[in-house]
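Working through the structure, step by step
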Amino acid sequence: MTKSSAQLIDQGLLADHNDKLAARVQADYDALGSMLARRGQDIERLTTLAQGFAVAVPSWGAGTGGTRFARFAGRGEPRNVFEKLEDCGVIHQLTQATPAVSLHFPWDKVGDARELRQAGEALGLGFDAVNSNTFSDAVGQEHSYKFGSLTANSAAAREQAIAHNIECIELGRAIGSKALTVWVGDGANFPGQHNLRGALERYLDSMRAIYAALPDDWNVFIEHKLFEPAFYATTIADWGTSFACATELGPKAKCLVDLGHHAPNTNIEMIVARLAQFGKLGGFHFNDSKYGDDDLDSGSINPFQLFLVFNELADAAERDGAAFKPSYMLDQSHNVTDPIESLMSSAVEVQRAYIQSALVDRAALAGHQQGNDALQAAQTLKAAFRTDVGPILAMARIRSGGAADPVAAYRASGYRDRAASARPARAGASSSGIV
Ligand code: PSV
Ligand code: MN
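What you see is a predicted model; the values in this text were computed from it and never measured. (Residues numbered from 1 in each chain as written. Chains lettered and ligands numbered in written order. Predicted model: local features only at pLDDT ≥ 70, side-chain atom pairs only at ≥ 80, totals over all residues.)

All right, on to the sheet that holds strand S3 (residues 126-127) then. Hydrogen bonds between backbone atoms are what pair the strands of a sheet, whose relative direction is either parallel or antiparallel. Spatially, S1-S2-S3 is the arrangement adopted by the 3 strands of the open sheet, whose pairing is parallel. A strand with exactly one partner marks an edge of an open sheet, and here the two such strands are strand S1 (57-58) and S3. As paired strands, strand S2 (residues 100-102) and S3 are joined by 2 bridges and run parallel to one another. Across the sheet, Ala-100 pairs through a bridge with Gly-126, a residue of S3. (Pairing = 2+ DSSP bridges. Helix = DSSP H or I, 4+ residues; strand = E, 2+ residues; numbered from the N terminus.)

See below:
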């Protein structure tokens, strides 16, 4: 249960909402329970699994995003990290699936990081991995990252980027994070612009210095991305490079898979299987994509791919047990929707894929694989994917103190209207969202 807080949605309103939907949810739940029982599945086990599911919310997702062409601001956008946390508190209150926030520095930096921890606690929130930013120049920064950060030719720029990452670790310690995610836009826009091997050598040297500053119980996640802003050659472009660097650095270094960071049609679930097999799967940035790093809502374009990723995670969990615990985070940019609604829907979509994957009859699948029955193997996966587990998710939310229908409850609450009057837009201000 989330702690009660003035900024959250009124508990009475939430109770009314759930009362109105209770009979309908129960009827759907009972019908699904009977159907699953005929398939040998216990709906109560699945509901408990759903209640235990968690995916972190990116602080930067609480604001309206933008493209390199324009940003169309939304109403009542958070103007600072405390307001972003308020919005994240609402997302968790209604979904009961997002108990942690992933912060991005220096965007979310405040004078005393302990204030962030207190603000989080008051809203029932903890903190997942912290993210560094050496892909843009901060105001007043001495050395520009225009020609790279951890890979820059300039030793001074590299030192500055290393120091920023170490500062992120310190900030993360103050708020209870246990991991640093490093994504760099470093690379080249022209053939010959830099030495491909030399750039990766400089990256590794820089990362060794950051790795050395990690507390014993921390991880560093290396996030790869195919292209942008380096359009010819991105230094950490693929999972192979990420894996090689994580291996070179040591056991605390792992790979982070952002679903949008691959060429169209890449078999992402196979990347997940490979990284899990070799103990290097650190975590995820969930989102969806049609063409590139679109940062669209999770499950909005290709929900089957999301399911197949979770099917590999279920396989890894079965093989490796409790030791297998990758971090789940969303990483999205919202241009045409209310970010709170998108983040709630995405958290539910990721949770849905998780529960659908728990429905896969793994013994039957293994039998079909052994017998080379490709059709039945595929049908076994499809049977799980096609099952509407919505009633399980709704029941899990109700039992955990969330909303039967998070978007409906949020709209009925008038939260955005209140935020719009409490947070008047400031001309030219853009403290939130990715532009
Ligand atoms: C880069 O495109 C990325 O996916 C990284 O995770 C960044 O930290 C994030 O987006 C925010 O810009
Ligand atoms: Mn990402």
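The discussion continues.
Now for the environment of Val-309. You can see Val-309 is positioned in helix H9 (residues 303-320). Using a count of 24 C-beta atoms within 10 Å as the deciding quantity, one classes Val-309 as buried. In sequence terms Val-309 and Ala-353 are 44 residues apart; their C-alpha atoms lie 8.5 Å from each other. In contact with Val-309, other than residues within four places in its own chain, are Ile-268, Glu-269 and Val-272. (Buried ≥ 20, exposed ≤ 12 C-beta atoms within 10 Å, placed from the backbone. Contact = placed C-beta atoms within 7 Å.)

This brings us to the sheet that holds strand S9 (residues 253-258). With parallel pairing, 6 strands are arranged side by side in an open sheet as S4-S5-S7-S9-S10-S11. Unpaired on one side and paired on the other, strand S4 (130-131) and strand S11 (327-330) mark the two borders of the sheet. Note: strand S7 (residues 219-223) against S9, 4 bridges, orientation parallel. Within S9, the position partnered with Ile-222 by the bridge is Cys-255. Lying over the sheet, helix H8 (residues 268-277) contacts S9 and strand S10 (281-286), oriented at roughly 165 degrees with respect to S9. Across the face of the sheet, helix H10 (residues 339-358) comes into contact with S10 and S11 while running at roughly 145 degrees to S11. (Axes fitted to C-alpha atoms, helices over the stretch in contact; angles between N-to-C directions.)

Below, the discussion takes up the packing of H8 against H9. For the pair H8 and H9, the least separation of the axes is 8 Å and the interaxial angle reads 20 degrees. Between H8 and H9, the angle falls in the class roughly parallel. Crossing of H8 over H9 shows right-handed handedness. Packed against H8, whose contacting residues are Ile-268, Glu-269, Val-272, Ala-273 and Ala-276, the element H9 presents Gln-305, Leu-308, Val-309, Asn-311, Glu-312, Leu-313 and Ala-316 at the interface. Among the residues making up the contact of H8 with H9, the classes are represented as 8 nonpolar, 2 polar and 2 charged. (Parallel < 35°, antiparallel > 145°, perpendicular 65-115°, else oblique. Left-handed = near helix turned anticlockwise from the far one by under 90°. Nonpolar A, V, L, I, M, F, W, Y, C, P; charged D, E, K, R; others polar.)

What follows deals with helix H13 (residues 390-400). Summarising burial for H13: 8 of the 11 residues are buried, a large majority. Within the span of H13, buried status applies to Pro-391, Ile-392, Leu-393, Ala-394, Met-395, Ala-396, Arg-397 and Ile-398. Here the buried face of H13 lies against helix H1 (11-38), helix H2 (43-51), helix H3 (81-95) and H10. Of the residues one or two after H13, Gly-401 is the one with positive phi, at around 95 degrees.

Of the two faces of strand S5 (residues 179-182), the one lined by Ala-179 and Thr-181 and the one lined by Leu-180 and Val-182 are each fully buried. With helix H5 (residues 155-175) bridging S4 and its parallel neighbour S5, the resulting β-α-β unit is right-handed. Two elements, S5 and S7, share 4 bridges in a ladder whose sense is parallel. Within S7, the position partnered with Ala-179 by the bridge is Asn-219. (Right-handed = clockwise from strand over helix to strand, strands pointing away.)

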